[in-house]
Amino acid sequence: LAKTTQPISMDSYEGQEVNITCSHNNIATNDYITWYQQFPSQGPRFIIQGYKTKVTNEVASLFIPADRKSSTLSLPRVSLSDTAVYYCLVGDWGSGNTGKLIFGQGTTLQVKP
Amino acid sequence: DTEVTQTPKHLVMGMTNKKSLKCEQHMGHRAMYWYKQKAKKPPELMFVYSYEKLSINESVPSRFSPECPNSSLLNLHLHALQPEDSALYLCASSPIGRPGELFFGEGSRLTVL
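The structure displayed is predicted, hence computed values, not measured ones.

Colleague: Before we move on, can you summarise the overall build of chain A with the specific residues and values?
Modeller: Along the backbone of chain A there are zero helices and nine strands. The order of α-helices and β-strands along chain A, N terminus first, is β-β-β-β-β-β-β-β-β. Compactness check: chain A gives a C-alpha radius of gyration of 14 Å against a globular reference of 13 Å for 113 residues, within 12% of the reference. Referenced to the eigenvectors of the C-alpha coordinate spread, the extents of chain A come out at roughly 40 × 30 × 25 Å. For chain A, the proportion of its 113 residues judged to be buried stands at 42%. Look at the contacts in chain A between residues 6 or more apart in sequence, and 57% of them connect residues 24 or more apart. The positive charge centre, built from 9 side chains, and the negative charge centre, built from 8, are 5 Å apart in chain A.

Shown next as structure tokens:
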């Protein structure tokens, strides 16, 4: 499983766009990149998953450069309720029945008014 | 709103007790997971079930015993736990074909005295 490196913490203000970058230098050909959000005392929540280029859903965008050695989660116009821990995971779960999802340390995002 | 239901939400037990944590989902997912999370740490994978069979055991001590009686239920039987086993225990499920997309419950907060 590819090791991921994220900033420990980030601060932002309401209404700003937040970009959280994750490094995964030893990503394998079959690996996918997945991001989760976790609020205190709750289970993580799936945000977005991608393999290459750009993926967008109603919550966030995921940018993956051609070499796939990093990825950036983009949260548009954050609000106070986006204060949470964000995890970047990399693994070969694009096929098969189960995913061995190993969580790294995550990035604690603090959104200020 | 979570579609993975965990009971009980809180559990206090002594080191000689036997108790069980329960998890239920009705999304038709055939992969189910147990994670353990200590305060301010990322979730740690414990067990993975695929089609009701144990597929991954992350070298978890035998005082934790998982059971998957059917495709909707996942249990974690606890016996002779230690105070350091106190943590939030998270259950998750994922659809076959999308194993990177886990749906987590809100967790069971376990305190071992």
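Colleague: Can you break down the state of the cysteines residue by residue, with the values?
Modeller: Disulfide: a covalent bond connecting the sulfur atoms of a pair of cysteines. What the rule picks out here adds up to two disulfides over all chains. Residue C22 of chain A pairs covalently with C88 of chain A via a disulfide, S to S 2.2 Å. The S-S bond linking C22 of chain A to C88 of chain A shows a torsion near -80°; that makes this disulfide left-handed. Of the two residues, C22 of chain A is situated in strand 2 (residues 18-23) and C88 of chain A in strand 8 (residues 84-91); the sequence distance between them amounts to 66 residues. Between the sulfur atoms of C23 of chain B and its disulfide mate C91 of chain B the distance is 1.9 Å. Of note, the bridge from C23 of chain B to C91 of chain B carries an S-S torsion of about -70° and is left-handed in sense. One end of the pair, C23 of chain B, is in strand 3 (residues 18-25); the other, C91 of chain B, is in strand 9 (residues 87-94), and 68 residues separate them in sequence. For C91 of chain B, a relative accessible area of 0% puts it in the buried group.

Here is what the cut-offs are and how they apply
Residues numbered from 1 in each chain as written. Chains lettered and ligands numbered in written order. Predicted model: local features only at pLDDT ≥ 70, side-chain atom pairs only at ≥ 80, totals over all residues. Heavy atoms only, no water. Helix = DSSP H or I, 4+ residues; strand = E, 2+ residues; numbered from the N terminus. Rg over C-alpha atoms; globule rule 2.2 N^0.38 Å. Buried < 20%, exposed > 50% of the residue type's maximum accessible area, 1.4 Å probe, protein only. Contact = heavy atoms within 4.5 Å. Lys, Arg positive; Asp, Glu negative; His and termini not counted. Charge placed at Lys NZ, Arg CZ, Asp CG, Glu CD. Disulfide = S-S within 2.5 Å.

Spatial relationships are all this shows, so hold off on functional conclusions.
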